[in-house]
Amino acid sequence: MKRVLAVCAAAALLGTLVSCSAKSSAMSITSALDEADRYIAQGYPKDALKILSSCEKRILNPMEAIGVYKRYLALDQKKPAENVLKKNLKKNPDNLELNAVYVSFLKNSERSGEAFKLSKILRGTKYGGLYSELLFRSILEAEEDRGLEFYISQEAAALYVDAYNTSGDNAWLRNAALCGLSKGDYGDAAALFPGQMQSPSDAYFWALVFYDNKKYGEAAECLVASQEIAKKNESRFFYFISERRKVNAIETTALLSDSYTLMGEEKEAERVRGELIAALTLGAENQSGAQSGTTTSLLGTMYLNSALYAMQRSDDRAAYNTLTFVTQKWPDFAPALIAYGNFAYNSSRRVMDDPLTKSLRDAGVVSTDMKRFDERPRVSVSDALVIDRTHPQRQPLRRRA
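Residue positions are counted from 1 within each chain, in the order its sequence is given. Per-residue local features are limited, in this predicted model, to residues with pLDDT of at least 70; the limit for side-chain atom pairs, both in listing and counting, is 80 or more; totals at the level of whole chains, interfaces and linings are taken over all residues. The side-chain values count all of the structure's non-hydrogen atoms but skip hydrogen atoms and water molecules.

**Topic: the overall build of the protein chain**
No. 1: Looking only at helices and strands, one finds 20 helices and 0 strands in the protein chain.
No. 2: Only protein chains enter the accessibility calculation, which uses a 1.4 Å probe. A residue is then buried if its area is under 20% of the maximum for its type, exposed if over 50%, and partly exposed in between. Per-residue burial for the protein chain yields a buried fraction of 38% across its 401 residues.
No. 3: Sequence-distant contacts in the protein chain: of pairs separated by 6 or more residues, those separated by 24 or more amount to 53%.
No. 4: All accessible areas in this document rest on Shrake-Rupley with a 1.4 Å probe, and a residue is counted as covered only by the protein chains that are shown. Carbon and sulfur atoms form 53% of the exposed surface of the protein chain, whose accessible area is close to 22900 Å². Starting at the N terminus, helices and strands are each numbered in turn, a helix being any DSSP run of H or I of at least four residues and a strand any DSSP run of E of at least two. Two residues qualify as a contact provided that any one of their heavy atoms is within 4.5 Å of a heavy atom in the partner residue.

**Considering helix H6 (residues 112-119)**
No. 1: Among all positions in H6, only Ser112, Ala115, Phe116 and Ser119 are buried. Burial along H6 is one-sided: seen end-on, the buried residues are contained in an arc of 100°.
No. 2: Tucked into the core, H6 has its buried residues touching helix H5 (96-108) and helix H7 (128-141). Starting at the helix axis, one direction is taken to each C-beta atom, and the arc is that of these directions.

**Quick notes on the confidence of the model for the protein chain**
No. 1: On a range of 0 to 100, pLDDT expresses the predictor's confidence in each residue. Taken residue by residue, the protein chain gives an average pLDDT of 76. The fraction at 70 or more is 72%.
No. 2: Within the model, pLDDT remains below 50 along residues 1-27, and this stretch shows 5 contacts once partners closer than five positions in the same chain are excluded.
No. 3: With pLDDT under 50 throughout, residues 235-245 is counted as low confidence; its partners more than four residues away or in other chains account for 35 contacts.

**Concerning the nonpolar core**
No. 1: Nonpolar cores were defined as sets of buried Ala, Val, Leu, Ile, Met, Phe, Trp, Tyr and Cys residues, with membership established by side-chain atoms within 4.5 Å. Within the largest apolar cluster, 43 residues are counted, with the highest numbers of intra-cluster contacts made by Leu52, Val68 and Leu85.
No. 2: Broken down by element, this core gets its largest block of residues, 7 residues, from H5.
No. 3: Non-local contacts of leucine 52, meaning those with residues more than four positions away in its chain, are made with Leu33, Ala36, Val68, Arg71, Tyr72 and Leu75.

**Focus: the side chain of serine 132**
No. 1: Within the fold, serine 132 resides in helix H7.
No. 2: Note on serine 132: relative accessible area 0%, which makes it buried.
No. 3: The contact partners of serine 132, leaving out residues within four places of it in the chain, are Leu159, Asp162 and Ala163.

**Describing the packing of aromatic side chains**
No. 1: Side-chain rings of Phe, Tyr and Trp, where Trp is taken by its six-membered ring, are said to pair if the distance between their centres is within 6.5 Å; with planes under 30 degrees apart they count as stacked, over 60 as edge-to-face, and otherwise as tilted. Summed over the entire model, instances satisfying the criterion amount to 16 aromatic pairs.
No. 2: An aromatic cluster is defined as three or more aromatic residues linked by ring pairs; in this entry it consists of Phe136, Phe150, Tyr151, Tyr160 and Trp172.

**Quick word on the pattern of salt bridges**
No. 1: We count a salt bridge whenever a side-chain nitrogen from Lys or Arg sits within 4 Å of a carboxyl oxygen from Asp or Glu. Taken as a whole and assessed by the stated rule, the structure comprises 10 salt bridges.
No. 2: As a salt-bridge pair, arginine 174 and aspartate 202 come within 2.8 Å of each other at their nearest N and O atoms. In this pair, arginine 174 is assigned in helix H10 (residues 170-181) and aspartate 202 in helix H12 (residues 200-212), connecting sequence segments 28 residues apart.
No. 3: Residue class for arginine 174 comes out partly exposed when judged on its relative accessible area of 22%.
No. 4: Among the salt bridges present, the one from arginine 271 reaches glutamate 268, with a minimum N-O distance of 2.9 Å. Separated by 3 residues within a single helix, arginine 271 and glutamate 268 lie in helix H15 (residues 266-281), roughly one turn from each other.
No. 5: Residue classification places arginine 271 among the partly exposed positions, given a relative accessible area of 35%.
No. 6: By relative accessible area, which is 26% here, glutamate 268 ends up partly exposed.

**Describing helix H2 (residues 45-56)**
No. 1: In this analysis, the expected span of each helix is defined as 1.5 Å times one less than the number of residues it contains. Taking 1.5 Å of rise per residue, 12 residues should cover 16 Å, and H2 covers 16 Å from first to last C-alpha, within 8% of that figure.
No. 2: Three or more residues of H2 are buried, namely Ala48, Ile51, Leu52 and Cys55. The arc enclosing the buried residues of H2, seen along the axis, measures out at 100°, which places them on a common side. Turned more than 90 degrees away from the buried face of H2 sit Lys46 and Lys50, all of them exposed.

**Remarks on unusual backbone geometry**
No. 1: Not every positive phi belongs to a glycine, and aspartate 76 is a case in point at roughly 60°.
No. 2: By secondary structure assignment, the location of aspartate 76 is in the loop between helix H3 (62-74) and helix H4 (78-91).
No. 3: Assessed through its relative accessible area of 57%, aspartate 76 is described here as exposed.
No. 4: Within the chain, glutamate 110 stands out as a residue other than glycine whose phi angle is a positive 60°.
No. 5: Position of glutamate 110 among the secondary structure elements: in the loop between H5 and H6.

**Thoughts on the environment of glutamate 218**
No. 1: Tracing the backbone shows glutamate 218 in helix H13 (residues 216-231).
No. 2: For glutamate 218, a relative accessible area of 34% puts it in the partly exposed group.
No. 3: Expressed as a C-alpha distance, the spacing of glutamate 218 and alanine 207, which sit 11 residues apart in the sequence, is 7.1 Å.

**What to know about the packing of H4 against H5**
No. 1: Axes, fitted as lines to C-alpha atoms, cover a helix only where it is in contact. Angles between the N-to-C directions of the axes lie from 0 to 180 degrees. At a minimum axis separation of 10 Å, H4 and H5 run at an interaxial angle of 145°. In the crossing of H4 with H5, the sense of the turn from one axis to the other is left-handed. Here Lys78, Glu82, Leu85, Lys86, Asn88 and Leu89 of H4 lie close against H5, whose contacting residues are Leu98, Asn99, Val101, Tyr102, Phe105 and Leu106.
No. 2: Taken together, the residues of the contact of H4 with H5 break down into 7 nonpolar, 2 polar and 3 charged. Each crossing gets its hand from how the near helix is turned against the far one by less than a right angle, where anticlockwise is left-handed and clockwise is right-handed. The classification used treats Ala, Val, Leu, Ile, Met, Phe, Trp, Tyr, Cys and Pro as nonpolar, Asp, Glu, Lys and Arg as charged, and all other residues, Gly among them, as polar.

So this is what it looks like as structure tokens:
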């Protein structure tokens, strides 16, 4: 019995010693790497290399291997750095961190072919972006024409998502969303929304996705975020997003006002239109440079919507002023011509000649309604010639001088 107890005690002591030895080794490598960092910072590469060489023999886990590898790279010692990775990958062939680091090393060493083969293990993981990048690079280098169908396929969408998970760049998620949008899967595209928007154009894109998915509240939130992000860079109302794509406040405000309208928030829709129109009136339009045809059409539509809003509220003066401006600014804008014609027709047919009103007028009494009626702008029907937009020979609007 005593002999059995002695054996058990010895075994327990051995286990404790082994555990302490492993902990001591790990601590010593950590300290050694810290010392190597000091030598590197102070300009003593030879001393740092001696320490790293001794550390190689005592590496216990992949993270220590990566630590030694990084110091070798800091000293521009690529060969021993690669050897550390290769040696430890033999011990831990499925470790994602080691594989990801080695793939990056090969890629940066212009050994894309080797990197691509090794990167396949990373597909679908948090390091999957490396595989995606190398796959697209291999397609370009081989001048392989996979056609548009590949780049908007579900396979490509998965690659884009992997690239986003690795890089954190929302541009990859936008690519993935386009795969769904191209097939009419608006819900799938909206489900990829990252939550955080990185630029005005990024926010505008997701606003379009939500708008097409009939989620107008989410679209409005993205558009407000787009304006807020823009505030940090340039003017709130006009800003460049990139060399390729310009998104300005006209596009943003047009979509935002439409979103509010479709939510039944007419007052908010008019408010955002009014803010932009006020800024344009103050001369902010000059900051944007030449407007594209699309932008001009959106701007004209916003002015028209404001005029229609004023008409709904019986604010004839505001409606008249806005319609007059729109038809003068864009004389070929058929919806505005039609609205102006309707305004002319309605204003000419409104009369206030009942007996009571006549009696009050004869007595020199003018009520608030009568005063408002008297001040209402009137346009003769003969002054507004509205031609259907499909007419091949559209004529300009005619007005009395």
